[in-house]
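Each chain is listed here by its residues.
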Amino acid sequence: MEKLTTEDYVAKIANATPLQLVIITYELILKYLDDATECIDDEKKFEFNLEKSRAFLDDLKNSLDMSYDISKNLMSLYNYVSQQMSYYTFNKKAEHADEIKKVINELLDGWKAIENEEKDKTPIMENTQQLYAGLTYDKSGKLSEYVETDSKRGFKA
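As a starting point, this report considers the structure included with it. (Residues numbered from 1 in each chain as written. Predicted model: local features only at pLDDT ≥ 70, side-chain atom pairs only at ≥ 80, totals over all residues. Heavy atoms only, no water.)

Before going further, it helps to spend a moment on the pattern of salt bridges. One pass over the structure, following the stated rule, counts six salt bridges. Here Asp 35 and Lys 31 are joined by a salt bridge, their closest N and O atoms 2.7 Å apart. Taken together, the residues Asp 35 and Lys 31, both in helix H2 (residues 18-38) and four residues apart, mark about one turn of the helix. With relative accessibility at 19%, the residue Lys 31 sits in the buried group. (Salt bridge = Lys/Arg side-chain N within 4 Å of Asp/Glu carboxyl O. Helix = DSSP H or I, 4+ residues; strand = E, 2+ residues; numbered from the N terminus. Buried < 20%, exposed > 50% of the residue type's maximum accessible area, 1.4 Å probe, protein only.)

So this is what it looks like as structure tokens:
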């Protein structure tokens, strides 16, 4: 998975459909899990990243509509992943991180397949600001940042 910055995720979220938000949430779970694994020897950073990953998992759990059977199945999978996160927090064995990644990647692949069939690709946030950014040189030869924005921004009332 490519490394995206916070700004990249903000841009993706601003232009996302509801289905794409679910996909982004799975990607963020994996991102923070990878970040936790990278700093496994630094207890504070490890726990911070694993808690971020768990928070996104909790968002998925809280958004389920339990009146559907699929939601009950997803809840079981999310609870299993949460259990593996707890095991990983306490014993830091790679097998738990691998199991989390396996389940989340399977779910992510399923949601991406559904996204390919999605008909309504209207972003949730309408009339959001479009950003065009780059680096330019000013008259004195100094490198400066250039940001062009759209003046018609904000939410429609």
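After that view of the structure, there is still more to cover.
Further remarks concern the nonpolar core. Within the largest apolar cluster, 23 residues are counted, with the highest numbers of intra-cluster contacts made by Tyr 26, Tyr 78, Val 81 and Ile 104. Among the secondary structure elements, those contributing two or more residues to this core are H2, helix H3 (43-62), helix H4 (69-91) and helix H5 (94-117). Counting six residues, the second-largest nonpolar core is a separate cluster that includes Leu 4, Tyr 9, Ala 16 and Tyr 32. (Core = buried A, V, L, I, M, F, W, Y, C linked by side-chain atoms within 4.5 Å.)

Below, the discussion takes up the packing of aromatic side chains. The tally for this structure, following the rule as stated, stands at three aromatic pairs. Aromatic side chains Tyr 26 and Tyr 78 sit 6.5 Å apart centroid to centroid with 50° between the ring planes, which places their arrangement in the tilted category. Separated by 52 residues along the polypeptide, Tyr 26 in helix H2 and Tyr 78 in helix H4 bring together distant segments of the chain. Here the two residues Tyr 26 and Tyr 78 agree in accessibility, since each one is buried. A cation over an aromatic ring shows up here: Lys 31 above the ring of Tyr 32, its NZ or CZ 4.5 Å from the ring centre. (Phe/Tyr/Trp six-rings, centres within 6.5 Å; stacked < 30°, edge-to-face > 60°. Lys NZ or Arg CZ within 6 Å of the ring centre and 35° of its normal.)

Take the environment of Glu 118 next. Following the sequence through the fold, Glu 118 ends up in the loop between H5 and strand S1 (131-137). When the C-alpha positions of Glu 118 and Leu 19 are compared, they lie 8.4 Å apart, and in sequence the two are 99 residues distant. Every residue in contact with Glu 118, bar those within four places of it in the chain, is listed here: Thr 17 and Leu 19. (Contact = heavy atoms within 4.5 Å.)

Looking now at H4. Helix length check: H4 (23 residues) gives 34 Å between terminal C-alpha atoms against 33 Å at 1.5 Å per residue, within 8%. Residues of H4 that are buried in the fold lie against H2, H3 and H5. Lys 92 sits one or two residues past H4 and shows a positive phi near 55°. (Expected span 1.5 Å × (residues − 1).)

Moving on, we come to the side chain of Gln 84. Along the chain, the position of Gln 84 falls in helix H4. Sequence-distant contacts of Gln 84, defined by excluding residues within four places in its chain, comprise His 96, Glu 99 and Ile 100.

What follows concerns the layout of surface pockets. Sizing a probe to match a water molecule and rolling it over the atoms shows the empty space that remains. Taken as a whole, the second largest pocket spans an internal volume of roughly 170 Å³. In terms of lining residues, the second largest pocket is bounded by Val 22, Tyr 26, Leu 60, Ser 63, Leu 64, Asp 65, Ile 70, Ser 71, Leu 74, Tyr 78 and Trp 111. Counting residues per element, the lining of the second largest pocket draws most heavily on H4, at four residues. When the residues that make up the lining of the second largest pocket are grouped by side-chain class, the tally is eight nonpolar, two polar and one charged. (1 Å grid on protein atoms, 1.4 Å probe; cavity = no way out; pocket = protein on both sides within 12 Å on 5 of 7 lines; lining within 4 Å. Points joined across faces, edges and corners; volume = space filled by probe spheres on them. Nonpolar A, V, L, I, M, F, W, Y, C, P; charged D, E, K, R; others polar.)

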